[in-house]
Amino acid sequence: MLLQLTQIEKRFGGVTALRSGNLQVQAGEVHLLMGENGAGKSTLMKIVAGLYQPDGGSFLWRGQPVRLTRPADASALGIAMVHQESLLAPHLTVAENIFLGALPSRGFGLVDRRRVHDEAARLIATHNFPLQAGWRVERLSPAGKQLVEICRAIHRGSSLLIFDEPTSSLSEAETREVFRIVGTLRERGAGVIYITHRLDELRSLGDRVTVLRDGETVHTAPMTECTTESIIQHMVGRPVTAIYRREPLPPGEELLRVDRLSLDPLLKNISFSLRAGEIVGLAGLIGAGRTELCRAIFGLDRPTSGSVSVAGRGVAIRSPREAVAAGLALIPEDRQHTGLATALPIAYNITLAHFDEVARMGFLRRAAEESVSRRFIQQLRIKCESPRQLAGRLSGGNQQKVAIAKWLVKQARVFLFDEPTRGIDVGAKVEVFETMDALARAGAAVLMVSSELPELLQVPDRILVMRQGSLTGELPGRTTQEEIMRLAAFSQEASA
Amino acid sequence: MIQRLLPFLTLIALFAGLCIASPHFLTTTNLSSVVRQTAVINIMALGMTMIIIAGGIDLSVGSILAMGGLLGSMAMERGLPIIPSVLAGVLTGLICGFLNGLMTTQLRINPFIVTLGTLGIYRGVALMISNGLPVHNLPAGFSYLGEGAIAGIPFVWFLLVVCAAAVHILLEHTKHGRFAFAIGSNPDAALYAGIPTSFHTVTVYTIGGALTGLAGMIEASRLMTGQPTAGQGYELQAIAAVVIGGGSLRGGEGTVIGTLVGAFIMGLLANGSDLLGISPYLQQAIIGAVIILAVAVDELRKRKLG
Ligand SMILES: Nc1ncnc2c1ncn2[C@@H]1O[C@H](COP(=O)(O)OP(=O)(O)OP(=O)(O)O)[C@@H](O)[C@H]1O
Ligand SMILES: [Mg+2]
């Protein structure tokens, strides 16, 4: 037995994150760790990685009790973790981040830069990741950062690797590579703990599964004895369906029209339109330009040519403020950097984009803010102490819900959701879909950027596909994964 | 909770300690003088609180104070009545602050660098305008601003209370204040939420400048001179007041009450050292140590909460 955690407890101030965390991991197994948002998965894993100290319980490593007081202690045991929220040094390069804490030296404390760069480049090349060793991390998308975290962990960890939602921002190709990496680790006899909210991953990965609910381990079993439904039932504590089917509406008037939009060299001649009542998917690989398209529409980047009209009226959107005024909302993919002010209370975040709704003549009405916040905390089931709690103290999935709630205070006409379910648990995903559906039913048009093919097949009425900055096609809602991949991947025709 | 109240408790302990240690402390004259001495730093620190909350910093406040005091005094010397002259001093500060804000947002230069630059520029301009000479010929009535009293309470005390209340309301109850917190906490998230970040950033520096201009006029009134060399080193005291009061140089954190407490802690330390005959050299070291201590305690509190 590699790792044996028994009745681990962890409190943050008055919040109990873990009541009784039990987990046993053997060498050579892939152990899935499941649970709803805020169940305590990340907290438990951070204890294993030496970032937090438990308040109670026992922690055995290869049968011996250990006490890890810093991440370096965990590293010394061969434990490495891919974090849910990127813990990288933004101003350093990809290569430096991969080797951080274990930089090859030329003696006298000097860093051997060439070796750092070359070894990182080799590591990236073996996995075919769309990264370059010399890039600065702050410029990377969440997916890019995730891949750097993965490189760093596989470089570091020898006996136990923890993946905390590694694929939540990755697309198909990279996800497959992550699976391959996990497979190799298992063959090498390492232990792997894998946290995910993507049900399609369960079957292809795990040997055993442990389910946490409200800080307690409620279930452990070999994968062969579980069904997806039984796992969900243990997670939620009641039977639920994870299958969402949307009843499409007859589309209404055209609300967003994008005409030959280009932004050198990221976007090429993109035209499409969204109608009231519609949810339109936007598929593509990492780097296909989906986020860039949203940014350009929302006035964050200036397109080189092309035009945008909202509700039939041509508008020149030069800043997010003008976008909001025109009736647009953008839920960005990177909640830590662009979606939330993590050091501020939940309530501040929720009312940020539509402050006027809770103010009178520029003066805040506290009671209104409080009731609006409570309404969305309830509606989206945000697990928190109170609206005054700092947003950064929430679990990853609950932070995502706050980032969404911010745009619900006042209904916009066009919603751009960039990876809206990133890090959200199965039950809550359905709630997010229902929220999007309600917006559409209330007369909005919704664009849903997603890298998760299963949800693209469930929710949108039709799907646009991008590849290398161009729209390569449009598919009906009930298409197949193969069809989407055909349009999204670098095909022969594209290079010919 | 205890730790959040720590600056406050420190202030009370300091006050009580000084009452016991020196018979000259708890007298109207002494307390009035403490209030008068700290009012200048206090009013500057109020503006600094807003700037720091919005994720900025203003190192040029000492020079702005000199500019405001000098130009206001020169206006009076040339015959402008007192109240318009005081307003001229405030306006001077306002313009200096506005320029700081404009440069950080439009040239996208780190405010530390911009205001390090304007610290030199404003000081240089003040010295050039005045030829380096102080302005002495001020109307006697002007001394009321810094030295006057209503029913025995220093006039500046009322000014301070009004400014503090205004800044508090601005920060905690208005859109502008909320946006300042958001910009300081995460400028990108604020931008993505459709907040006109540049506008609000410039506003914060402008208000800070105006308050500093007022502080400059108070300083000039207390000395009955407009000095181009006034206010040197005040920026550090203003920043220290904010930080002791729980403000964070990372932005997004700070309160008016905290800043006032911070400024009074420093004021009492200075006053107490004078009364007890502690050398002014040691005084500086004590204040320095208090700053480090205050921040260390604050960080500890945050770490404990994870
Ligand atoms: N630093 C912290 N301070 C206060 N509370 C915290 C902190 N970190 C986590 N929590 C709380 O502990 C609980 C468990 O959080 P954790 O991040 O472990 O959840 P999770 O299972 O990883 O959820 P998710 O699927 O959303 O990532 C949550 O209720 C969260 O609000
Ligand atoms: Mg988590």
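From a predicted model like this one, the values you see are computed outputs, not experimental measurements. (Residues numbered from 1 in each chain as written. Chains lettered and ligands numbered in written order. Predicted model: local features only at pLDDT ≥ 70, side-chain atom pairs only at ≥ 80, totals over all residues. Heavy atoms only, no water.)

Here we look at the coordination of the magnesium ion (ligand 2)
All names here are of chain A. Rules: The donor set comprises N, O and S atoms within 2.8 Å of the metal, extended to 3.2 Å for Na, K and Ca; water molecules are omitted, so apparent gaps in a site may simply reflect that omission. For helices the rule is a DSSP run of H or I covering at least 4 residues; for strands it is a run of E covering at least 2, with both sets numbered from the N terminus onward. Exposure classes here rest on a 1.4 Å probe applied to the protein chains alone. A residue is buried below 20% of its type maximum, exposed above 50%, and partly exposed in between.
Taken together, the protein donors to the magnesium ion (ligand 2) comprise S42 (OG) and Q84 (OE1), at separations of 1.9 to 2.2 Å. Separated by 42 residues along the polypeptide, S42 in helix α1 (residues 41-48) and Q84 in the loop between β6 (79-82) and α3 (94-99) bring together distant segments of the chain. Here the two residues S42 and Q84 agree in accessibility, since each one is buried.

Examining the environment of G252 of chain B
Take G252 of chain B: it is sitting in the loop between α11 (234-244) and α12 (256-275). We classify G252 of chain B as buried; its relative accessible area is 4%.

Quick word on the sheet that holds strand β16 (residues 328-331) of chain A
All names here are of chain A. Let me state the cut-off plainly: Being paired, for any two strands, means DSSP has found at least two bridges between them. Axis angles are defined between N-to-C directions and span 0 to 180 degrees, where every axis is a line fitted to C-alpha atoms and, for a helix, only to the segment in contact. Two residues form a contact once any of their heavy atoms are found within 4.5 Å.
If you walk across this open sheet you meet the six strands as β16-β19-β20-β13-β21-β22, and the pairing is mixed. Of all strands in the sheet, those bounded by a partner on one side alone are β16 and β22 (470-476). In this sheet, neighbouring strand axes are inclined to one another by 20 degrees on average, regardless of whether the strands run parallel or antiparallel. Across four bridges, the pairing between strand β13 (residues 279-283) and strand β20 (residues 445-449) is parallel. Residue G281 lies in a different strand from β20, and its bridge partner there is M448. Helix-sheet contacts for helix α17 (residues 481-488) involve β13, β21 (462-467) and β22, and the interaxial angle to β21 is about 30 degrees.

Thoughts on the nonpolar core
Short version of the rule: To define a nonpolar core, start from buried Ala, Val, Leu, Ile, Met, Phe, Trp, Tyr and Cys residues and group those joined through side-chain atoms within 4.5 Å.
The biggest cluster of nonpolar side chains holds 161 residues, and the ones touching the most others in it are L256, F272, L293, I350, F415 and L447 of chain A together with L46 of chain B. For this core, the leading source of residues is helix α2 (residues 28-53) of chain B, giving 14 residues. Dropping the residues within four chain positions of it, L447 of chain A is found in contact with F272, L274, V280, L282, C294, F415, L416, F417 and L464 of chain A. In this structure, F99, A143, I150 and F163 of chain A belong to the second largest nonpolar core, which totals 48 residues.

Points about the site of ligand 1
Note the threshold: Residues are counted as near a molecule or strand when any one of their heavy atoms sits within 4 Å of it. We call two N or O atoms a polar contact when they sit within 3.5 Å, provided that within protein one can donate a hydrogen and the other can accept it, with sequence-adjacent residues counted only if both atoms are side-chain atoms. Working definition of accessibility: Shrake-Rupley area with a 1.4 Å probe, residue cover restricted to the visible protein chains. Three categories are distinguished: nonpolar for Ala, Val, Leu, Ile, Met, Phe, Trp, Tyr, Cys and Pro, charged for Asp, Glu, Lys and Arg, and polar for the others, with Gly belonging to the last.
Taken together, 21 residues lie around ligand 1, and K41, S42, T43, S395 and G397 of chain A are the ones closest in. Of the chains in the model, those with residues near ligand 1 are chains A and B. In this structure, K41 of chain A approaches ligand 1 through a side-chain N or O atom, which is 2.7 Å from an oxygen atom. One of the side-chain N or O atoms of S42 of chain A is found 2.7 Å from an oxygen atom in ligand 1. With the chains in place, 93% of the 640 Å² that ligand 1 exposes on its own is no longer accessible. Broken down by secondary-structure element, the contributors of at least two residues to the shell around ligand 1 are α1 and α14 (396-405) of chain A. Top element by residues in the shell around ligand 1 is α1 of chain A. It accounts for three residues. Its residues assigned to classes, the shell around ligand 1 comprises five nonpolar, 11 polar and five charged.

Topic: the packing of aromatic side chains
Geometrically, a pair of aromatic rings is defined through the distance of the ring centres and the angle of the planes. Inclusion rule: Ring pairs shown here join Phe, Tyr and Trp side chains whose ring centres sit within 6.5 Å, with only the six-membered ring taken for Trp; geometry is labelled stacked below 30 degrees between planes, edge-to-face above 60, and tilted in between. Both a distance and an angle decide whether a charge sits over a ring: NZ of Lys or CZ of Arg must be within 6 Å of the ring centre and within 35 degrees of the ring normal.
Applying the stated criterion to the full structure yields nine aromatic pairs over all chains. Considering the side-chain rings of Y348 of chain A and F181 of chain B, the 6.4 Å spacing of their centres and the 70 degrees angle between planes classify their relative orientation as edge-to-face. With one member in each of two chains, Y348 of chain A in helix α12 (residues 346-351) and F181 of chain B in helix α8 (residues 175-185) form a pair that bridges those chains. For Y348 of chain A, a relative accessible area of 11% corresponds to the buried category. Between F15 of chain B and F25 of chain B the ring centres are 5.2 Å apart and the planes differ by 75 degrees, which places this aromatic pair in the edge-to-face class. One end of the pair, F15 of chain B, is in helix α1 (residues 6-21); the other, F25 of chain B, is in the loop between α1 and α2, and 10 residues separate them in sequence. Its end group placed over the ring of F12 of chain A, K10 of chain A keeps NZ or CZ at 5.4 Å from the ring centre. In this arrangement the basic side chain of R178 of chain B is found over the ring face of Y348 of chain A, its NZ or CZ atom lying 3.4 Å from the centre.

Structural notes on the pattern of salt bridges
We count it as follows: A side-chain nitrogen of Lys or Arg and a carboxyl oxygen of Asp or Glu constitute a salt bridge if their distance falls within 4 Å.
Within the structure shown, the criterion is met by 31 salt bridges over all chains. Between R335 of chain A and E85 of chain A there is a salt bridge; the shortest N-O distance is 3.0 Å. Here R335 of chain A, found in helix α11 (residues 335-339), pairs with E85 of chain A, found in the loop between β6 and α3; they are 250 residues apart in sequence, far enough to count as distant. For E85 of chain A, a relative accessible area of 18% translates into the label buried. For the salt bridge of R462 of chain A with E474 of chain A, the shortest nitrogen-to-oxygen distance reads 3.3 Å. With R462 of chain A in strand β21 and E474 of chain A in strand β22, the pair connects residues that are 12 residues apart, well separated along the chain. By relative accessible area, which is 14% here, R462 of chain A ends up buried. Taken together, the shared-partner salt bridges in this structure form one network comprising E369, E370, R374 and R388 of chain A together with R178 of chain B.

Remarks on the sheet that holds strand β12 (residues 267-275) of chain A
Residues and elements named next belong to chain A. Across the sheet, which stays open at both edges, the four strands sit in the order β12-β11-β14-β15 with antiparallel pairing between neighbours. The strands lining the two open edges of the sheet, one partner per strand, are β12 and β15 (313-315). The sheet shows a mean angle of 20 degrees between the axes of neighbouring strands, direction not considered. As paired strands, strand β14 (residues 305-310) and β15 are joined by three bridges and run antiparallel to one another. Bridged to V310 within β15 is R313. Helix-sheet contacts for helix α9 (residues 290-297) involve β11 (254-263) and β12, and the interaxial angle to β12 is about 70 degrees.

Quick notes on the domain arrangement of chain A
Residue and element names in this part refer to chain A. In plain terms, the rule: These domain limits were set by an automatic method or by a database of domain assignments. For any pair of parts, buried area is found by adding up, for both, the accessible area (1.4 Å probe) each one loses once the two are put together.
Domains assigned within chain A are domain 1 (3-236) and domain 2 (254-327 + 412-495). The straight-line distance from the C-alpha centre of domain 1 to that of domain 2 is 31 Å. Taken together, the 20 residues of domain 1 in the interface contact 15 residues of domain 2. Summed over both partners, the interface of domain 1 with domain 2 comes to about 1,500 Å²; 57% of that surface belongs to carbon and sulfur atoms. There are one salt bridge connecting domain 1 and domain 2. The closest approach of N and O atoms between R198 and E452, which form a salt bridge, is 3.8 Å. Where domain 1 meets domain 2, there are three residue pairs in polar contact (both at pLDDT 80 or more). The set of elements that each furnish at least two residues to the side of domain 1 that touches domain 2 consists of α5 (142-156), α6 (172-187), α7 (199-205) and α8 (228-236). It is α6 that contributes the most residues to the side of domain 1 that touches domain 2, three residues altogether. A class-by-class count of the residues in the side of domain 1 that touches domain 2 yields six nonpolar, seven polar and seven charged.

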